[in-house]
Amino acid sequence: MAGKKFINAKLKGYNELQEILVEDGVFKAIAPHIDVDSDCEIEDLGGKLTLPPYVDPHIHLDYVFTARKQGATNGTGTLFEGIQRWSETKSDLTIDEIKARAIKAVKMEVSHGVQFIRTHADVTDPNLTALKALLELKEELKDIVTIQIVSFPQEGMYSYKDGDKLVEEGLKMGADCVGGIPHFEYCREFGEKSIHKVVELAVKYDKLIDVHCDESDDPMSRFVELLTALSIVEGTKTTASHTCSLGSVDNSYAFRMMKNFKKAGLNFISCPTENIYLQGRQDTYPKRRGLTRVKELYENGINVCFAQDSIQDPWYPAGNGNLMNVLDNGIHIAQMMSFEEMDNCLDLITVNGAKTMNISDIYGIEAGKPANFIVVDARSEFEAVCERADVVASVRNGEYLFKKAPVAFEALSEFMA
Ligand code: FE2
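Residues numbered from 1 in each chain as written. Predicted model: local features only at pLDDT ≥ 70, side-chain atom pairs only at ≥ 80, totals over all residues. Heavy atoms only, no water.

A. Structural detail: the sheet that holds strand E6 (residues 54–59). Overall, parallel pairing links the eight strands, which are arranged E6-E7-E8-E9-E10-E11-E12-E13 in an open sheet. The open sheet is flanked by E6 and strand E13 (303–306), the only strands paired with a single partner. Bridging between strand E12 (residues 267–270) and E13 involves four bridges; their strand directions are parallel. From the neighbouring strand, Phe268 faces E13, where its bridge partner is Val304. Against the sheet, helix H5 (residues 188–205) makes contact with strand E9 (177–178) and strand E10 (208–213), and its axis sits at roughly 165° relative to E10, the strand it touches most. (Pairing = 2+ DSSP bridges. Helix = DSSP H or I, 4+ residues; strand = E, 2+ residues; numbered from the N terminus. Contact = heavy atoms within 4.5 Å. Axes fitted to C-alpha atoms, helices over the stretch in contact; angles between N-to-C directions.)

Below you can see the structure in the form of structure tokens.
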């Protein structure tokens with residue numbers, strides 16, 4: 001096997017440009033110079049920043065491109081109206097229709113450098129149509145993108161009839177993670193009961209946990225506390241998505257919780273563009289930002305990452321799968337723009353997302369791992385973030401998914417010459 005050698009790669013942590021040898025779709029060696037046979041294919045990366053692929057650990061592929069559907073328009077822009085609109089308009093979904101929309105969204109994400117996606121699938125539907133569609137898609141697209149699916153009760157485990165049983169059925173059908181939405185349940189007791197059920201199911205079926213948790217400005221929405229406690233006791237691999245209310249609690253409570261988050265090894269997913277848009281809707285001024293404590297989690301060594309969440313659905317009218325845009329918004333809103341933070345913040349859409357998805361064994365530019373990487377149009381992490389640099393190539397198992405030609409720039413004035 002002749003293999004393929006990518007030369008002039010700017011890798012994080014190396015001052016010198018590196019060469020990357022790939023054989024049989026796997027990284028064989030990474031070094032400043034690698035001797036190869038004369039028939040080895042050579043690809044020049046031109047000194048551009050070479051990263052492991054972007055990870056989108058939280059999106060709803062069954063919802064994408066439904067924002068303009070008849071009856072789905074969210075007039076108040078709140079999370080709760082979004083759920084109501086979805087509930088009222090989801091009855092006519094079909095497997096083929098969901099797949100067509102989801103494929104369009106996955107293509108958009110992949111074109112921006114994403115190769116790993118965790119999607120939620122709404123299982124508050126007795127026919128489990130969305131889950132069936134996304135399970136098919138996961139298999140069909142596995143050579144292009146790795147997809148994990150959360151069995152997610154959008155309308156509640158106990159506020160929707162048999163929601164808990166539908167979540168369990170979703171796990172039996174092949175979902176990778178158990179989901180929940182405690183802050184949306186009709187009462188605190190249902191919310192707490194749902195957290196107990198999530199952890200029970202994760203242990204019973206050996207699944208990951210990813211709960212939509214405390215997506216609210218209510219500082220008394222504190223289900224993450226119970227989720228953390230049960231995760232410590234049961235040793236589950238747990239992710240808390242959103243946790244917006246942590247941005248509204250007082251510091252002494254947050255301080256105490258940080259210790260437990262660390263002990264539980266909890267992962268946090270923040271969706272900056274969606275939550276700055278959805279939250280703070282009952283505020284006048286000052287108006288809260290609606291994000292969880294991303295900066296403080298990061299500084300406390302707790303794994304935190306960013307995600308897209310929505311692409312034109314009843315919760316958020318924009319979104320295009322470009323995680324550089326999500327990162328750009330996130331570091332501004334979370335005030336994470338010291339030079340050190342800017343040098344390292346790409347972790348929030350790469351390695352930290354991979355850690356959340358529990359895929360560290362197959363993720364990263366290291367010998368022995370699948371040869372998946374992206375090339376960013378920048379010479380350093382700082383430049384990439386500053387310039388909101390584009391992903392110009394994406395390689396999966398050693399083969400290009402796409403490569404972009406340089407954009408032509410013609411100086412038509414003396415000043416721009
Ligand atoms: Fe979500």
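So that's the structure; there's more coming.
B. Representation of the coordination of the iron ion. At 2.2 to 2.6 Å from the iron ion lie its protein donor atoms, namely His58 (NE2), His60 (NE2), His212 (NE2) and Asp309 (OD). Between the four donor atoms coordinating the iron ion, the angles at the centre fall across 85 to 174°, so the site counts as irregular. (Donors = N, O, S within 2.8 Å, 3.2 Å for Na, K, Ca; no water. Tetrahedral: all angles 85-135°; square planar, octahedral: opposite > 155°, others 65-115°.)

C. Focus on the packing of helix H2 (residues 95–111) against helix H3 (residues 129–140). Taken N-terminus to C-terminus, the directions of H2 and H3 make an angle of 50°; their axes are 9 Å apart at the nearest point. In terms of axis orientation, H2 runs oblique to H3. Judged by the twist between their axes, the crossing of H2 over H3 is right-handed. Residue-level inspection shows Ile95, Ile98, Lys99, Ala102 and Ile103 of H2 in contact with H3, the latter providing Thr129, Ala130, Lys132, Ala133, Leu134, Glu136, Leu137 and Glu140. (Parallel < 35°, antiparallel > 145°, perpendicular 65-115°, else oblique. Left-handed = near helix turned anticlockwise from the far one by under 90°.)

D. Quick peek at the packing of aromatic side chains. Applying the stated criterion across every chain, the model contains 11 aromatic pairs. Centre to centre, the rings of Trp86 and Trp315 are 6.3 Å apart; their planes meet at 45°, and the pair counts as tilted. Of this pair, Trp86 sits in helix H1 (residues 79–89) while Trp315 sits in the loop between E13 and helix H10 (323–333), and the two are 229 residues apart along the sequence. Comparing Trp86 with Trp315 shows no difference in burial state: the two are buried. Their ring planes at 75° and their centres at 5.3 Å tell us that Phe116 and Tyr363 sit as a pair that is edge-to-face. Here Tyr363 lies in the loop between helix H12 (351–356) and strand E14 (373–376) and Phe116 lies in strand E7 (residues 114–122), a separation of 247 residues in the sequence. (Phe/Tyr/Trp six-rings, centres within 6.5 Å; stacked < 30°, edge-to-face > 60°. Buried < 20%, exposed > 50% of the residue type's maximum accessible area, 1.4 Å probe, protein only.)

E. Spatial organisation of the pattern of salt bridges. For the coordinates displayed, the defined rule picks out 26 salt bridges. Among the salt bridges present, the one from Lys5 reaches Glu19, with a minimum N-O distance of 2.8 Å. You can see Lys5 sitting in strand E1 (residues 4–11) and its partner Glu19 sitting in strand E2 (residues 18–23), a full 14 residues away along the chain. For the pair formed by Lys5 and Glu19, the shared burial category is buried. The salt bridge partner of Glu299 is Lys295, with a shortest N-O separation of 3.8 Å. Linking Glu299 with Lys295, this pair stays in helix H9 (residues 294–299), spanning four residues, or about one helical turn. Through salt bridges with shared partners, one network takes in Glu81, Arg85 and Glu88. (Salt bridge = Lys/Arg side-chain N within 4 Å of Asp/Glu carboxyl O.)

F. Representation of the environment of Glu381 in the model. By the secondary structure assignment, Glu381 is in helix H13 (residues 381–386). For the pair Glu381 and Leu45, spaced 336 residues apart in sequence, the C-alpha to C-alpha distance is 16 Å. The residues touching Glu381, leaving out its near neighbours within four places in the chain, are Lys12, Leu49, Met342, Asp343 and Leu346.

G. Expanded view of the environment of Cys271. Mapped onto the fold, Cys271 is located in the loop between E12 and helix H8 (272–278). For the pair Cys271 and Tyr158, spaced 113 residues apart in the sequence, the C-alpha separation amounts to 25 Å. In this structure, Cys271 is in contact with His58, His242, Ala307 and Asp309, ignoring residues within four places of it in sequence.

H. The arrangement of empty space enclosed by the protein in detail. Enumeration according to the criterion identifies one cavity of 30 Å³ or more in this entry. One number sums up the size of the largest cavity: a volume of about 100 Å³. (1 Å grid on protein atoms, 1.4 Å probe; cavity = no way out; pocket = protein on both sides within 12 Å on 5 of 7 lines; lining within 4 Å. Points joined across faces, edges and corners; volume = space filled by probe spheres on them.)

I. Expanded view of the environment of Leu11. Mapped onto the elements, Leu11 comes out in strand E1. On the basis of relative accessible area, Leu11 is assigned to the buried category, the value being 5%. Taking C-alpha positions, Leu11 is 9.1 Å from Gly47, a pair spaced 36 residues apart along the chain. Beyond its immediate chain neighbours, meaning those up to four positions away, Leu11 contacts Gln18, Ile20, Ile30, Thr50 and Ile365.

J. Layout of the pairing of E6. The buried count for E6 comes to six of six residues, which makes it a mostly enclosed element. Here E6 pairs with E7 via four bridges, running parallel. Bridge pairing in E7 places Val55 opposite Phe116.

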